[in-house]
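Summary of the model geometry
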Amino acid sequence: MNLEKSKQIYEEGIKYIPGGVNSPVRAFKSVNSSPVFISKGYKSKIQDEDGNAYIDYIGSWGPAILGHSNEELMEGIEDIIRDGLSFGLPTKIEVDMAKLMVESYPAIDMVRMVNSGTEATMSAIRVARGYTNKNKIIKFEGCYHGHSDSLLVKSGSGTITYGVPTSLGVPEEIVRNTLVCRYNDLHDIKKTFEEHGSDIAAIIVEPVAGNMGLVAATPEFLKELREITKEYNSVLIFDEVITGFRIAYGGASEVYAIEPDMACFGKIIGGGFPVGAYGGKKEIMEMVSPLGGVYQAGTLSGNPLAMHIGYKNIKLLQRDKSIYDYMEKMAIKLEKGISENIEKLGINATIVRFKNMLTLFFGKGPFNNYDDVQKCDTELYAKYFREMLNRGIMLPPAQFECMFLSAEHTEEDLEYTIKSNYESLKAIK
Ligand SMILES: *Cc1c(COP(=O)(O)O)cnc(C)c1O
């Protein structure tokens, strides 16, 4: 595969952008490669600067759920642009969008738009703290909630529940209020509440974790989180930045039939534009400025163009919910095919699926938490990734990420992917 142009752009890029990319995963460092620069996308495929085409399983990490350059989504976009891009004053589409989100996600009564998932989780935590007048929050090892200071935390060694920063530049004083627990571990969460319960403002959780590879919460675990937060008057925040409008129209809240007090969104709700949102119960959201004392603002929040596209993206999903059945059917087919290949070749790997998300772990399951996935062979994943790339398949460029299906992936795409998976696994064996 010729990647000359991508290499040239990369060489130029590293002079002006740290690592040549605007988000670290794009650097392909985890797969010992240099980045592929994309020029365009159509339906389930993307094309790079050298003209190579790929079946895309990244889908912009979720937003491209209706495929790339969806014609219905794009229709009329020029008219919207012609009317002006941003005013810094309210527009009707913002109200339409908020209403649609509240109707789509019964747990929330009100919603505030922001510009990224990071902003959504950061703001939700501030609101939860303001509402409860408590300081500590609980997050789970392996869950990712964007890059705000208090959430860039992993568990400390031994029995210390206090987290330690996962990034330079994050003061220890800040993460001291973030407690880190084990995902899917009921005992750990109970113990932490026994010790710190009176000062825990919120639990934030990915109800289906997509940022340590795919690890779904057990129903018992989410149920326990719901009950214990009620008992201690803490706020339960579902980070549905990936799962919202993805694993079902109503996200993980619908799938697990659990209503959090607050929820965060991003990715899909912008349809490809930089959009995030956080919402919650009325009395919680009334804490937000200008109604309440929790400050949060944004010059481009609710940007009209982003709102129009985001609104339409959600409307298209709402119009035809069979899209979810289709994507799951496709994901099951992929899971089955890959699973058979693993068996035939006797590879030490496990394909994990939840609804329309998948991860091929290079290790033996079960995968219930961060410790479990850490046992995977990331070097082998890197080799596998490159084999697949050479066959025209774009997988997430890191072991601990998910593959995303779209409504535009075809039977033919999947058959080719399964065949390539066989050849690639055989090549790295
Ligand atoms: C991507 C992601 C975020 C951060 O969203 P950005 O738009 O990248 O800031 C937060 N939470 C989860 C679960 C995510 O997957």
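Residues numbered from 1 in each chain as written. Predicted model: local features only at pLDDT ≥ 70, side-chain atom pairs only at ≥ 80, totals over all residues. Heavy atoms only, no water.

- Within an unreviewed UniProt entry, the label attached to the protein reads Glutamate-1-semialdehyde 2,1-aminomutase, and the organism entered is Tissierella carlieri.
- One UniProt comment on the protein, placed under Subcellular location (unreviewed entry), says "Cytoplasm".
- According to its UniProt record, the protein has this under Subunit (unreviewed entry): "Homodimer." (UniProt positions renumbered as here; feature names shortened; annotations may be inferred.)

Some remarks on the domain arrangement of the protein
- For the protein, the domain assignment lists domain 1 (4–69 + 321–428) and domain 2 (73–319).
- Its C-alpha centre places domain 1 at a distance of 26 Å from the equivalent point of domain 2.
- Domain 1 puts 31 residues into the contact, and the matching count from domain 2 is 31 residues.
- Of the roughly 2600 Å² buried where domain 1 meets domain 2, counting both sides, 66% is carbon and sulfur surface.
- Taken as a group, Lys321, Tyr324 and Phe354 account for 23% of the area that domain 1 buries against domain 2, more than any other trio of residues on that side. (Domains from an automatic or database assignment. Contact = heavy atoms within 4.5 Å. Buried area = accessible area lost by both parts, 1.4 Å probe.)

Comments concerning the site of the ligand
- Neighbouring the ligand are Ser116, Gly117, Thr118, Tyr144, His145, Gly146, Glu206, Asn211, Asp239, Val241, Ile242 and Lys267.
- Gly117 has a polar backbone atom sitting 2.9 Å from an oxygen atom of the ligand.
- Here an oxygen atom of the ligand sits 2.6 Å away from a polar atom, N or O, in the side chain of Lys267.
- Alone, the ligand offers 380 Å² of accessible surface; in the complex the protein occludes 83% of this.
- Considering only residue class, the shell around the ligand consists of three nonpolar, six polar and three charged. (Near = heavy atom within 4 Å. Polar contact = N/O pair within 3.5 Å; in protein donor to acceptor, adjacent residues only side chain to side chain. Areas by Shrake-Rupley, 256 points an atom, 1.4 Å probe, with all protein chains shown as cover. Nonpolar A, V, L, I, M, F, W, Y, C, P; charged D, E, K, R; others polar.)

So, the packing of aromatic side chains
- Under the definition given, this model contains 13 aromatic pairs.
- Centre to centre, the rings of Tyr256 and Phe354 are 6.0 Å apart; their planes meet at 5°, and the pair counts as stacked. Of this pair, Tyr256 sits in helix 9 (residues 251–256) while Phe354 sits in strand 15 (residues 350–354), placing them 98 residues apart in sequence.
- Feature note: the residues Tyr105, Phe245, Tyr249 and Phe265 constitute an aromatic cluster, connected by ring pairs.
- Sitting above the plane of the Tyr249 ring, Lys321 keeps its charged end 4.6 Å from the centroid. (Phe/Tyr/Trp six-rings, centres within 6.5 Å; stacked < 30°, edge-to-face > 60°. Helix = DSSP H or I, 4+ residues; strand = E, 2+ residues; numbered from the N terminus. Lys NZ or Arg CZ within 6 Å of the ring centre and 35° of its normal.)

Details of helix 7 (residues 186–196)
- Within helix 7, the full set of buried residues consists of Asp188, Ile189, Thr192, Phe193 and His196. The buried side chains of helix 7 occupy one side of the element, clustering within an arc of 130° when seen end-on. Along helix 7, the residues that are exposed and aim more than 90 degrees away from the buried face are His187 and Glu194.
- Summarising the contacts, the buried residues of helix 7 are in contact with strand 5 (136–140), strand 8 (178–181), strand 9 (200–205) and helix 8 (219–231). (Buried < 20%, exposed > 50% of the residue type's maximum accessible area, 1.4 Å probe, protein only. Arc of directions from axis to C-beta.)

Topic: the packing of helix 12 (residues 322–345) against helix 15 (residues 411–428)
- The contact between helix 12 and helix 15 brings their axes to 10 Å, and the two run at 25°. In this view, helix 12 runs roughly parallel relative to helix 15, as classed from their interaxial angle. Where helix 12 crosses over helix 15, the two elements pack in a sense that is right-handed. Residues Tyr326, Lys329, Met330, Lys333, Leu334, Gly337, Ile338, Asn341, Ile342, Lys344 and Leu345 of helix 12 lie in contact with helix 15, whose contacting residues are Glu411, Leu414, Glu415, Thr417, Ile418, Asn421, Tyr422, Leu425 and Lys426. (Axes fitted to C-alpha atoms, helices over the stretch in contact; angles between N-to-C directions. Parallel < 35°, antiparallel > 145°, perpendicular 65-115°, else oblique. Left-handed = near helix turned anticlockwise from the far one by under 90°.)

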